[in-house]
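# Observations on chain architecture
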There are 2 protein chains.
Amino acid sequence: MKKNNLIILKIGGSVITDKEHNRKRINKKNLKRIAKEIAQAKNKNGFSLIIVHGAGTFGHKIAKKFNLHQGYKNNLQIKAISDLCLDLKKLNIEVIKYLKKEGIEAITFKQSSAWQLSNGRLENYNLEIIRNYLSLNLTPVLFGDILVDKKLKFSILSGDQIIYRLAKKLTVNKVIVGTDIDGIFNCNPKTNKRAKLIKKVNGKNINNFLIENSTSIDVTRGMNGKVCELINLAKSGTESEIINITKSNILKKALLGQNGLGTIIKTN
Amino acid sequence: MKKNNLIILKIGGSVITDKEHNRKRINKKNLKRIAKEIAQAKNKNGFSLIIVHGAGTFGHKIAKKFNLHQGYKNNLQIKAISDLCLDLKKLNIEVIKYLKKEGIEAITFKQSSAWQLSNGRLENYNLEIIRNYLSLNLTPVLFGDILVDKKLKFSILSGDQIIYRLAKKLTVNKVIVGTDIDGIFNCNPKTNKRAKLIKKVNGKNINNFLIENSTSIDVTRGMNGKVCELINLAKSGTESEIINITKSNILKKALLGQNGLGTIIKTN
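Description of the structure in this document. (Residues numbered from 1 in each chain as written. Chains lettered and ligands numbered in written order. Predicted model: local features only at pLDDT ≥ 70, side-chain atom pairs only at ≥ 80, totals over all residues. Heavy atoms only, no water.)

## Structural notes on the sheet that holds strand β16 (residues 263-265) of chain B
Residue and element names in this part refer to chain B. Pairing is mixed in the open sheet, where eight strands are placed in the order β5-β8-β4-β1-β11-β15-β16-β14. At either margin of the open sheet sits one strand with a lone partner, and together these are β5 (106-108) and β14 (200-201). Pairing of β5 with strand β8 (residues 139-143), which is carried by three bridges, proceeds in the parallel orientation. Paired with T108 across the strands is V141, a residue of β8. (Pairing = 2+ DSSP bridges. Helix = DSSP H or I, 4+ residues; strand = E, 2+ residues; numbered from the N terminus.)

Put into structure tokens, the structure is as follows:
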């Protein structure tokens, strides 16, 4: 562990919800195993941790149906906002429960009560409460959410933008982005058997990815936006790694400091 | 409705949780009826509403056991904080569900993610997000919670302090404090059959209550603190009424503008 002892972990919504049947249900098997791996690594190396989870099947459907990411259009969206918030709360409570079962003293930080957006991007955001939670050895848990937006009235703050924002302001040792694929491929691995995993995105090839971003890299919904945030993060000096946390022990190894388990994103 | 159209409603934790058996269970019957009465009144008069609920059996026991209101003493409290937050979240999600079933587009505002205490009192607290929720016709729901405290590391923010703080900064038409007793009595109605309900606390008798506060008025745990906050509120110009919302239709009548249903607290 370099710099200090803080790790930011993104848990992809598709990993912990029932993506296969597109139902608003928890993927209990994955969530239980992930909580166990986190607890085992944390007990061994004693790092501080911030967890950010996505919405998966609990969020994307209704957000898309009512175009909630585009801001206020009509009054039908108001019920949709209230419905979405309840669903996200249900998912978040499950994540907290599973973490606590493994002895992780998790605590929700609900950024929609604290922060506001402006045209979909966070402007001012205070991390003092999160820093206080960390100093008390609590593990803050954040999640992709719908926020008040100064220009659009409301908009979506993705889990991916949250990790970028957190890592930019805090001194972070490592950012781990847990998804349901092995990392970034040179083409879509689900339609092309010859797709090759790119082990490292760095100063040499980073511009290619930025340009080809929307075609070759977007192997799954969300991967495109994810890569953009992580490249921004790399430019500001924090490296990250995209790993597949649907496979056993990959997350545990990554938390314990092992690299090269997926795609590392850095600028040098 | 005078001034404007905003009502702040406190729902006592003892009303919506299983106070009788001191169990961490919802009082479904009360919660369902209360949600219905709110919806009926809101549909009729179309006021804006902020709801603040207490913790009841979901909070007081663990908070007291680990002295969480007194701030940091030992590391055993850290697990207690995480446990308490999860329990409060479980209660809040039930309140939101019941309100939504009746068509109220409720949305949680989790003040522990937004505000900090200093020696148990709120110092700076921003209501911009709550104002935005109201302007979108959402009903913000807050609750008594554990917050970061600049002096004590953490402390408890009671639902009663929240209503005082909200009412002080917002232009409020009415503050309704729903409890499980009829109002303020001249002595304890549970031990003295001759106890008399005081219909009005005003400029003439307010000082008596402040002085005799800890003896004659404290008829139920929390009533003492409640009255202090409400007297402060009256002094800053907002009247409030303590009513018994375990009885049918009292809340509905109060929301529709009727006075004299319990004890009114005002300075003139």
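Now, onward.
## Here we look at unusual backbone geometry
All names here are of chain B. If you check the backbone angles, N67 has positive phi at about 50 degrees while not being a glycine. When you line up the elements, N67 lands in the loop between α3 (60-65) and α4 (76-101). When its relative accessible area of 31% is taken as the criterion, N67 is described as partly exposed. One non-glycine residue with positive phi stands out, namely N137, at about 65 degrees. Turning to its location among the elements, N137 is positioned in the loop between α5 (128-135) and β8. Its relative accessible area of 56% is what places N137 among the exposed residues. (Buried < 20%, exposed > 50% of the residue type's maximum accessible area, 1.4 Å probe, protein only.)

## Brief notes about the pattern of salt bridges
Under the definition given, this model contains 26 salt bridges over all chains. Across the salt bridge formed by D160 of chain A and K10 of chain A, the nearest N and O atoms sit 3.1 Å from each other. Of the two residues, D160 of chain A is situated in helix α6 (residues 159-169) and K10 of chain A in strand β1 (residues 6-11); the sequence distance between them amounts to 150 residues. Each member of the pair, D160 of chain A as well as K10 of chain A, carries the same accessibility label: buried. Note that K24 of chain B and D87 of chain B form a salt bridge whose closest N and O atoms lie 2.9 Å from each other. Of this pair, K24 of chain B sits in strand β3 (residues 23-26) while D87 of chain B is found in helix α4, placing the two residues 63 residues apart along the sequence. For D87 of chain B, a relative accessible area of 9% translates into the label buried. Taken together, the salt bridges that share partners define one network made up of K79 and D83 of chain A together with K100 and E105 of chain B. (Salt bridge = Lys/Arg side-chain N within 4 Å of Asp/Glu carboxyl O.)

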